[in-house]
Amino acid sequence: MSENHTHKRLPSLATITVAFVLISAVVGLGIAYVLISERARSFEEASLQKALETRTRGIQTAIAQALYREWNALSAVSDQAARLSVPVLQDRLNAIAGDGSVVSWAGLAEPDGTVIAASNGLLVGQDVGERPWFRQGLKGEYAGDVHEAVLLASLLRRQDEPIRFIDFAVPFVDQTGAVRGVLGLHLDVSWMKRLIDELSQALNVDIVLVGANGETSASSVSDLPDLSGLGSLQRARAGVLGTSLERWPDGEWYFTLTVPELSYNDLPKFGWNIVARIDGREATVPARQMSDYLIVRLLGMATILLLLTAFYVVAFVRPFSRLAANAIEIADGKDTYPMESKRTREMSMLSAALARLQADSHRHDRDP
């Protein structure tokens, strides 16, 4: 095999240079894409989590303020009850209940459980001693989670849905500090549901209230399916703050946040934790758009790099190829004048060296 043929089988410096630049570009741009995409996705999720937590805290505060108004009204009556006659107390309880759209029932029961005064006279004379709000109210301030109406179910008829309440209770004490009874309040859950729906719509976030027993107490999501398999529900039951992107039973992906119950002034806690969700596309689309944008920019950088590489090959690598060809021609004894190049010091040195070799060859040929 001839030497020239062997040389032709070896890759050229230009080929090696282009291959090296291409491999370096692919590896470097790939690493840059992964790192920047992950960083952008983390930043996007952190921003989304902060925005969702801010909205959820706002909804929590609005719900707590609405509940606190009713709690404050009950506490005010409790502070004055010892000085009020039963008819005057009855009027106060009627005022608290109003039209019944928020407070379905307010009443005072004696220590034996007998109701002696109540809004609109409902349950007066009846025994509520076995009701949880009464038993807990004898011990101290109490907030009770959502439950079906029992004694009031037949008195407060509703055609569209079962009547459900959340409870407030506070012990009624006399001037000596002795417990003389319990003041109780039943808030209509449908009122709280309307409030949650309005807040959810205004802030564009779905809300699910998870009770202390792990069941759903209220939600802005209609026809809410079974959530027992969701990680967010498990966090809510544990009262843990956390976020996740998860598929819900409806088959859709949602960015989900769980937050523990908010403390608000002296409002008793219901044991509620909130699961808030927004469409998962709000979490994935920006990151995908960022990735697409990044790909376009990295491809642009790769194109510029290839153009610069082509310029480098033409301007600096090709002259070396010509000098190599000149060296082969001189070695073969051809009368070739080496290319002169002063683009780099190395090229200038090679050109000068080849010129001296050519001159020495001619001088040797002339010597006898």
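These notes cover the structure that comes with them. None of these values were measured; they are calculated from a predicted model.

Cut-offs applied
Residues numbered from 1 in each chain as written. Predicted model: local features only at pLDDT ≥ 70, side-chain atom pairs only at ≥ 80, totals over all residues. Heavy atoms only, no water. 1 Å grid on protein atoms, 1.4 Å probe; cavity = no way out; pocket = protein on both sides within 12 Å on 5 of 7 lines; lining within 4 Å. Points joined across faces, edges and corners; volume = space filled by probe spheres on them. Helix = DSSP H or I, 4+ residues; strand = E, 2+ residues; numbered from the N terminus. Nonpolar A, V, L, I, M, F, W, Y, C, P; charged D, E, K, R; others polar. Salt bridge = Lys/Arg side-chain N within 4 Å of Asp/Glu carboxyl O. Buried < 20%, exposed > 50% of the residue type's maximum accessible area, 1.4 Å probe, protein only. Polar contact = N/O pair within 3.5 Å; in protein donor to acceptor, adjacent residues only side chain to side chain. Contact = heavy atoms within 4.5 Å. Phe/Tyr/Trp six-rings, centres within 6.5 Å; stacked < 30°, edge-to-face > 60°. Lys NZ or Arg CZ within 6 Å of the ring centre and 35° of its normal. Pairing = 2+ DSSP bridges. Axes fitted to C-alpha atoms, helices over the stretch in contact; angles between N-to-C directions. Arc of directions from axis to C-beta. Core = buried A, V, L, I, M, F, W, Y, C linked by side-chain atoms within 4.5 Å.

**Re the layout of surface pockets**
The space that makes up the largest pocket amounts to roughly 320 Å³. Lining the largest pocket are 17 residues; nearest its centre among them are E161, R164, V189, K193 and S217. Of all the elements, strand β7 (residues 216-219) adds the most residues to the lining of the largest pocket, at 4 residues. Classifying every residue of the lining of the largest pocket gives 6 nonpolar, 5 polar and 6 charged. In this structure, the second largest pocket encloses a volume near 190 Å³. A81, L108, I116, F172 and R180 are the residues nearest the centre of the second largest pocket, which is lined by 14 residues in total. For the lining of the second largest pocket, the residue count by class is 9 nonpolar, 2 polar and 3 charged.

**Let's talk about the pattern of salt bridges**
Scanning the model with the defined rule gives 3 salt bridges in all. With its nearest N and O atoms 3.9 Å apart, the salt bridge here joins R180 to D174. For D206, the salt bridge identified is with R277, shortest N-O distance 2.9 Å. Of this pair, D206 sits in strand β6 (residues 206-210) while R277 sits in strand β10 (residues 273-279); the two residues are 71 residues apart in sequence, bridging distant segments of the chain. Classification of D206 as partly exposed rests on a relative accessible area of 24%. Of the residues examined, R277 reaches a relative accessible area of 8% and is grouped as buried.

**Focus on the side chain of S219**
By the element assignment, S219 lies in strand β7. Judged by relative accessible area, which is 6%, S219 ranks as buried. Within polar-contact distance, the side chain of S219 engages the backbone oxygen of I207 at 3.2 Å. Apart from the residues within four sequence positions on either side, S219 is in contact with K193, I196, D197, I207, V208 and L224.

**Comments concerning the packing of aromatic side chains**
Overall, the coordinates contain 7 aromatic pairs when judged by the stated rule. Between the aromatic rings of F270 and W272, the centroid separation amounts to 4.2 Å while the plane-to-plane angle is 5 degrees, which identifies the pairing as stacked. Classification of F270 as buried rests on a relative accessible area of 6%. Here the basic side chain of R277 rests over the ring of W248, its NZ or CZ set 4.6 Å away from the ring centre. Positioned above the aromatic ring of Y254, the side-chain terminus of R277 is 3.8 Å from the ring centre.

**Overview of the sheet that holds β6**
Pairing within the open sheet is antiparallel, and its 5 strands lie in the order β7-β6-β10-β9-β8. The outermost strands of the open sheet, each flanked by one partner alone, are β7 and β8 (242-247). For this sheet the average axis-to-axis angle between neighbouring strands, irrespective of direction, equals 25 degrees.

**Examining the environment of G144**
Along the polypeptide, G144 turns up in strand β3 (residues 142-148). Once the C-alpha coordinates of G144 and G211 are considered, the two residues, 67 residues apart in sequence, prove to be 10.0 Å apart. Once residues within four sequence positions are removed from consideration, G144 is found in contact with I166, D167 and F270.

**Focus on empty space enclosed by the protein**
Counting across every chain of the model gives 2 cavities of 30 Å³ or more. Roughly 150 Å³ of internal volume is contained in the largest cavity. When residues of the lining of the largest cavity are assigned to their parent elements, the largest contribution, 4 residues, is made by helix α2 (residues 13-80). Split into classes, the residues belonging to the lining of the largest cavity amount to 11 nonpolar, 2 polar and 2 charged. W105, L123, V128, R131, W133, H147, A149, V150, L151, L152, F165 and H186 together form the lining of the second largest cavity. A breakdown of the residues in the lining of the second largest cavity according to their chemical character gives 9 nonpolar, 2 polar and 1 charged.

**A few points about helix α4 (residues 132-139)**
Along α4, the residues that are buried comprise W133, F134 and G137. The buried residues of α4 occupy an angular sector of 95 degrees when the element is viewed end-on, so they sit on one face. Once α4 finishes, G140 follows within two positions and takes phi at roughly 160 degrees, a positive value.

**Overview of the nonpolar core**
With 50 residues, the main nonpolar core has L67, I166, F168 and L187 as its most contacted residues. Broken down by element, the residue count for this core peaks at 11 residues, all from α2. Apart from residues no more than four positions distant in its own chain, L67 is found in contact with I166, F168, L187, W191, L267, F270 and W272. One finds W105, L123, W133 and F165 within the second-largest nonpolar core, a separate group that totals 16 residues.

**Structural notes on helix α6 (residues 231-238)**
Of all the positions in α6, only S232, L233, R235 and A236 are classed as buried. Looking down the long axis of α6, one finds its buried residues gathered within 160 degrees of arc, a one-sided arrangement. Looking one or two residues past α6, G239 carries a phi angle of roughly 70 degrees, positive in sign.

By themselves, these figures tell us nothing about what the structure is for.
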